[in-house]
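Below are the chains, spelled out letter by letter.
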Amino acid sequence: MSLLKKLMGDGETDGPKKEQVKKLKFMAAGLIVGVGLILLGSWGDKPAEQTNPSPVKETREITPKSPEKTAMAAEEDYLAEKLRDMLQQVDGAGQVKVTVRLESSTQTEYAVNTSTGKKTTQERDQSGGTRTLTEDTDSGQLVLVTRNGEETPVMSREVAPKVAGVLVVAEGANDPKVRAELFRAAQVALGVEPHKVIVMAKKAGE
């Protein structure tokens, strides 16, 4: 306020000094008005709306992995390939395709050392009587042999896979004689019942 009073003066100055004071008054008034306009403008400004950016979706190309072939599926393919190679040797058979389906894969049984014993115990009850308990004790241990520094179990026997069905498609199966030979060969090679073997003629041009 003291500065404003000095700028405003007490009205007693005259001449050039009075004109100078008047100019200062106008400058001070203009400065106050300018500051007021700036403050009003800043109050009137609205904050910019914040927009949430749309989430970026990352797309990954996933290549499906082929499932690992099971032991039974591998054995089916092996038997089919061997039977196909054999059937193509039949006179007049031509190109042959074979499909083999199994009910169970090859089963391996290993040798086991077994020991059998009996354990007999006598118990006395509170009334003075006795009773005898007999317990059978059976134990088995896998038979191992050492080969090249490694212990491996001894195989006692191997049970062949059980075939569920065989399908043979051959170029020469249109000939009844060739079809009969293919049928009999497939049945004997896999040791299956006749109703589990089907021989069909391959479509011409394929």
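This is a predicted model, so every value here is computed, not measured.

How each quantity is defined
Residues numbered from 1 in each chain as written. Predicted model: local features only at pLDDT ≥ 70, side-chain atom pairs only at ≥ 80, totals over all residues. Heavy atoms only, no water. Helix = DSSP H or I, 4+ residues; strand = E, 2+ residues; numbered from the N terminus. Buried < 20%, exposed > 50% of the residue type's maximum accessible area, 1.4 Å probe, protein only. Contact = heavy atoms within 4.5 Å. Pairing = 2+ DSSP bridges. Axes fitted to C-alpha atoms, helices over the stretch in contact; angles between N-to-C directions. Lys, Arg positive; Asp, Glu negative; His and termini not counted. Salt bridge = Lys/Arg side-chain N within 4 Å of Asp/Glu carboxyl O. Expected span 1.5 Å × (residues − 1). Arc of directions from axis to C-beta. Patch = residues over 30% accessible without salt bridge, like charges linked within 9 Å, V, L, I, M, F, W, Y side chains within 5 Å. Areas by Shrake-Rupley, 256 points an atom, 1.4 Å probe, with all protein chains shown as cover.

> Help me understand the environment of M72 in this model?
As for its placement among the helices and strands, M72 is situated in helix α3 (residues 71-87). The class for M72 is partly exposed, based on a relative accessible area of 29%. Contacts of M72, omitting those with residues within four sequence positions, involve L102, E103, S104 and S105.

> Which parts of the structure should I look at to understand the sheet that holds strand β1 (residues 96-104)?
Spatial ordering of the open sheet is given by β1-β8-β9, a layout of 3 strands whose pairing is mixed. Of all the strands in the sheet, just β1 and β9 (197-201) have a single pairing partner and so form its edges. Within this sheet the neighbouring strands show an average axis-to-axis angle of 10°, counted without direction. Strands β1 and β8 (162-170) of the sheet are contacted by α3, whose axis makes an angle of about 145° with β1.

> Just checking my understanding: could you explain the side chain of E75 for this structure?
Residue position: E75 is located in helix α3. The side chain of E75 sits in the buried core without any salt bridge; R101 is the nearest counter-charge, 12 Å away. The residues touching E75, leaving out its near neighbours within four places in the chain, are L102, S105, T106 and P161.

> What is the right way to read helix α4 (residues 176-190) from this model?
The end-to-end C-alpha distance of α4 is 21 Å, a good match for the 21 Å that 15 residues give at a rise of 1.5 Å each. For α4, every residue scored as buried is listed here: V178, L182, A186 and L190. The buried residues of α4 all sit within an arc of 70° when viewed along its axis, so they share a single face. Structural note: α4 exposes P176, K177 and V188 on the side pointing more than 90 degrees away from its buried face.

> How do you make sense of the pattern of salt bridges when you look at a structure like this?
When the charged atoms of two side chains with opposite charge come close together, those side chains can pair. For the structure shown, the criterion picks out 4 salt bridges. Salt-bridge contacts for E76 lead to R101; the nearest nitrogen and oxygen are separated by 3.5 Å. Here E76 is found in helix α3, whereas its partner R101 is found in strand β1, with 25 residues between them in sequence.

> What exactly am I supposed to notice about the environment of S156 here?
Within the secondary structure, S156 sits in strand β7 (residues 155-159). For S156 and Y110, which are 46 residues apart along the polypeptide, the C-alpha to C-alpha distance reads 4.8 Å. Sequence-distant contacts of S156, defined by excluding residues within four places in its chain, comprise E109, Y110 and A111.

> Looking at this structure, I do not really get α3. What am I missing?
Along an α-helix, residues three or four apart share an orientation, since each turn contains 3.6 residues. Here α3 contains 17 residues, and its C-alpha end-to-end distance of 24 Å stays within 8% of the 24 Å for a straight helix at 1.5 Å per residue. Among the residues making up α3, those that are buried are E75, E76, L79, A80, L83 and L87. All buried residues of α3 lie within an arc of 135° about the axis, which places them on one face of the element. Tucked inside the fold, the buried residues of α3 contact β1, β8 and α4.

> Hey, could you run me through a nonpolar patch on the surface in this one?
On the surface, Y110, V112, L142, L144 and M155 cluster together to form a nonpolar patch covering roughly 460 Å² of accessible area. Among the structural elements, M155 can be located in strand β7. The exposure class assigned to M155 is partly exposed, which follows from its relative accessible area of 47%.

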